[in-house]
Amino acid sequence: SGINAEYVGSSSRSFSLKLAVVKLRAITVIKELKERAALMYNIQQEWIGQRFKKEMDSIKTMCEMLSDVIESEKAILPQVLLSDDQFTVDMGYKMFDPPRRPAS
């Protein structure tokens, strides 16, 4: 009976020690995952911020060009494209035929 009680006590201490090791490992893994998640969040936020700035710059460029066209009271002949973060003017593509001059 004394040997049995010793074995149970030793087994219980061994189990408690193993459980403490598992707990410490789990805490370490969770801490590492949180750090990685925070890093990925920061990278994503930086990327979104850069893309937003590019989009805003494209819109600003487009607005300046359209403002110049409106102020000069000219028709917009080239194709104007705003796609994601890129603003382009395709001079080779005409949105409509330019007005024809009357034949003299």
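Described in the following lines is the structure provided in the data block. What you are looking at is a predicted structure, and each value in this text was computed from that prediction instead of being measured.

## Focus: the overall build of the protein
On a plain count of helices and strands, the protein comes out with one helix and two strands. The buried share of the protein, reckoned over its 104 residues, is 7%. Residue pairs in contact within the protein that sit at least 24 positions apart in sequence constitute 29% of those at least 6 positions apart. When the accessible surface of the protein is summed, it comes to about 9500 Å², and 60% of that surface belongs to carbon and sulfur atoms.

## With respect to the side chain of S58
Here S58 shows up in helix α1 (residues 2-72). Judged by relative accessible area, S58 falls into the buried class, the value being 8%.

## Re the pattern of salt bridges
Per the counting criterion, the structure on display carries two salt bridges. Residue R51 is joined to E55 by a salt bridge in which the shortest nitrogen-to-oxygen separation is 3.3 Å. Separated by four residues within a single helix, R51 and E55 lie in helix α1, roughly one turn from each other. E55 gets classed as partly exposed once you look at its relative accessible area, which sits at 22%. Note that D57 and K53 form a salt bridge whose closest N and O atoms lie 3.1 Å from each other. With D57 and K53 both in helix α1 and four residues apart, the pair spans about one turn of that helix.

## A short note on a nonpolar patch on the surface
Taken together, the side chains of L39, M40 and I43 present a nonpolar region at the surface, about 300 Å² in accessible area. Examined against the element boundaries, L39 turns out to sit in helix α1. Residue classification places L39 among the partly exposed positions, given a relative accessible area of 49%.

About the thresholds
Residues numbered from 1 in each chain as written. Predicted model: local features only at pLDDT ≥ 70, side-chain atom pairs only at ≥ 80, totals over all residues. Heavy atoms only, no water. Helix = DSSP H or I, 4+ residues; strand = E, 2+ residues; numbered from the N terminus. Buried < 20%, exposed > 50% of the residue type's maximum accessible area, 1.4 Å probe, protein only. Contact = heavy atoms within 4.5 Å. Areas by Shrake-Rupley, 256 points an atom, 1.4 Å probe, with all protein chains shown as cover. Salt bridge = Lys/Arg side-chain N within 4 Å of Asp/Glu carboxyl O. Patch = residues over 30% accessible without salt bridge, like charges linked within 9 Å, V, L, I, M, F, W, Y side chains within 5 Å.

Note that every value here comes from positions in space, so none of it alone points to a role or purpose.
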